[in-house]
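# Examining the three-dimensional arrangement
As a plain string of letters, each chain reads:
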Amino acid sequence: MRCVQSIIPCVKIFELERIRDQRGWLMECYQEEELRFYGIKERFIQENHAYTEAAGTLRGLHFQAPPCAQSKLVRCTAGETLHVAVDIRPDSRTFGKWVMTELTAANARMIYIPKGFAHGYLTLADGAEIQYKVDLGHIPEAARSLYYADPHLDIPWGIAEPILSRKDSQRRALSWEELLEIL
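In this report, the structure presented in the accompanying data block is examined.

What counts and how
- Residues numbered from 1 in each chain as written.
- Predicted model: local features only at pLDDT ≥ 70, side-chain atom pairs only at ≥ 80, totals over all residues.
- Heavy atoms only, no water.
- 1 Å grid on protein atoms, 1.4 Å probe; cavity = no way out; pocket = protein on both sides within 12 Å on 5 of 7 lines; lining within 4 Å.
- Points joined across faces, edges and corners; volume = space filled by probe spheres on them.
- Helix = DSSP H or I, 4+ residues; strand = E, 2+ residues; numbered from the N terminus.
- Nonpolar A, V, L, I, M, F, W, Y, C, P; charged D, E, K, R; others polar.
- Patch = residues over 30% accessible without salt bridge, like charges linked within 9 Å, V, L, I, M, F, W, Y side chains within 5 Å.
- Areas by Shrake-Rupley, 256 points an atom, 1.4 Å probe, with all protein chains shown as cover.
- Salt bridge = Lys/Arg side-chain N within 4 Å of Asp/Glu carboxyl O.
- Buried < 20%, exposed > 50% of the residue type's maximum accessible area, 1.4 Å probe, protein only.

Moving on, we come to the layout of surface pockets. Its volume calculated, the largest pocket comes out at about 450 Å³. As for the largest pocket, its lining consists of 25 residues, of which H62, K72, Y132, H138 and K167 are closest to the centre. Mapped onto the lining of the largest pocket, the elements with two or more residues apiece are β5 (46-52), β6 (58-64), β11 (117-123), β12 (128-134) and β13 (143-145). The leading source of residues in the lining of the largest pocket is β6, at five residues. A class-by-class count of the residues in the lining of the largest pocket yields ten nonpolar, ten polar and five charged.

Our focus in this paragraph is a nonpolar patch on the surface. Residues L180, I182 and L183 make up a contiguous nonpolar surface patch of roughly 250 Å² in combined accessible area. By the secondary structure assignment, L183 is in the segment after α2 (176-182). Its relative accessible area of 38% is what places L183 among the partly exposed residues.

Below you can see the structure in the form of structure tokens.
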């Protein structure tokens, strides 16, 4: 596992190593001691697996409001996905900034997203799957969605009209100004 520096130091991107032989390959996806070496101290208690049928589907930007914020460790196990983590910690020097990285089954990358970030991803291929660990389960009353195309964020998703859930639409998701009011 190799840690790649992101523009927001607490968001970490990892390149996982595949050990290959004539049968195929083996990859360590989670190694607690190695993650601790890179400053990740959370105890992950749940793992989720999400499948998305169509390319061009955007999920997010999701977060859980404090005190129910989650840290996530995310990787793509099938297809291709584009992930964004937005810093929504009001006291942070990088408040309102974001990190973007492509996670694919082929590139064997993983992203660590700490508490205090909204997370979203766009599927770049049909049949995309991600698996992610969280350090706190889903709490429906704390679940929030930040509008993915808010002009304040100016995230270059590369798609004009993604497939969205009702909760991620402009009518249902929080604008940046609404987010500031609740933080």
